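# Chain and residue survey
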Amino acid sequence: MELIQNTTDLSAYLAADEAVDHHHPLVRETAARLAKGADDSYAYARAAFEFVRDAIPHSQDSSDLRVTWRASDVLERRTGICYAKAHALAALLRVEDIPTAFCYQKFDVVHGLVAVRFNGAWHRQDPRGNKPGVDAQFSLDGERLAFAPDPEFNELDYPVLYAEPHPVVLSVLKAAPDRPHLWKTLPTAL
């Protein structure tokens, strides 16, 4: 699948916004701690991915009812669904000048992940969190995502790489008072 940037301006994939608040002190502190053990930007990107995937439980897996959407809140509360975890990972990568896009897949509901740009190409990464049957890994040599869409069931990969979280996704997260409500309003398409 050919990934398509929604803007040709690469600096847009480094920007901070309401959800990707990489100017926040907690995001910067977390990035600095992760960077200490990394020899280069590839090692840092892997460390940031593994931190978000492993240290921040997916709220459904942990039965956490709280809904987070801003990167700093995800890091502070240590919880989030796929979209929120993607926002946190994007903030950690962008603060270290690694271009990061938001991308999505369609299953019964829309699933969120990110793409990082290295060596002139985009590489999708899924920080959702592993569990039995889910084994997402950081990879620049072929995708190791949590889920693979099955076209037979009308599942698909959206090819667009967004510089900002999709507005439908963001509005659903922001409107949800808790995860049970969020589950009833998750988008089924973009």
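A brief look at the structure comes next.

Parameters at a glance
Residues numbered from 1 in each chain as written. Predicted model: local features only at pLDDT ≥ 70, side-chain atom pairs only at ≥ 80, totals over all residues. Heavy atoms only, no water. Salt bridge = Lys/Arg side-chain N within 4 Å of Asp/Glu carboxyl O. Helix = DSSP H or I, 4+ residues; strand = E, 2+ residues; numbered from the N terminus. Buried < 20%, exposed > 50% of the residue type's maximum accessible area, 1.4 Å probe, protein only. Polar contact = N/O pair within 3.5 Å; in protein donor to acceptor, adjacent residues only side chain to side chain. Contact = heavy atoms within 4.5 Å.

## A closer look at the pattern of salt bridges
- In this structure the tally under the stated criterion is nine salt bridges.
- Between Arg128 and Asp61 there is a salt bridge; the shortest N-O distance is 2.6 Å. With Arg128 in the loop between strand 4 (121-125) and strand 5 (156-157) and Asp61 in helix 3 (residues 59-62), this residue pair connects regions lying 67 residues apart in the sequence.
- Judged by its relative accessible area of 34%, Asp61 is partly exposed.
- Ionic pairing is found between Lys131 and Asp61, a salt bridge with its closest N-O pair at 3.6 Å. Linking Lys131 in the loop between strand 4 and strand 5 with Asp61 in helix 3, this pair joins segments that are 70 residues apart in sequence.
- Residue Lys131 is classed as partly exposed on the basis of its relative accessible area, which comes to 37%.
- Shared partners join several salt bridges into a network, and the residues in it are Asp61, Arg128 and Lys131.

## Some words on the environment of Leu89
- Counting through the fold element by element, Leu89 comes out in helix 5 (residues 82-94).
- A relative accessible area of 0% means that Leu89 is categorised as buried.
- Residues Leu89 and Leu161, spaced 72 residues apart in sequence, show a C-alpha to C-alpha distance of 15 Å.

## Some thoughts on the side chain of His111
- Within the fold, His111 resides in strand 3 (residues 110-118).
- Classification of His111 by relative accessible area gives buried; the value is 7%.
- At 2.7 Å, the side chain of His111 and the side chain of Asp126 are in polar contact.
- Setting aside residues up to four positions removed in sequence, His111 forms contacts with Cys82, Tyr83, Cys103, Tyr104, Gln105, Asp126, Arg128 and Phe147.

Everything listed here is a matter of geometry and, on its own, says nothing about what the molecule does.
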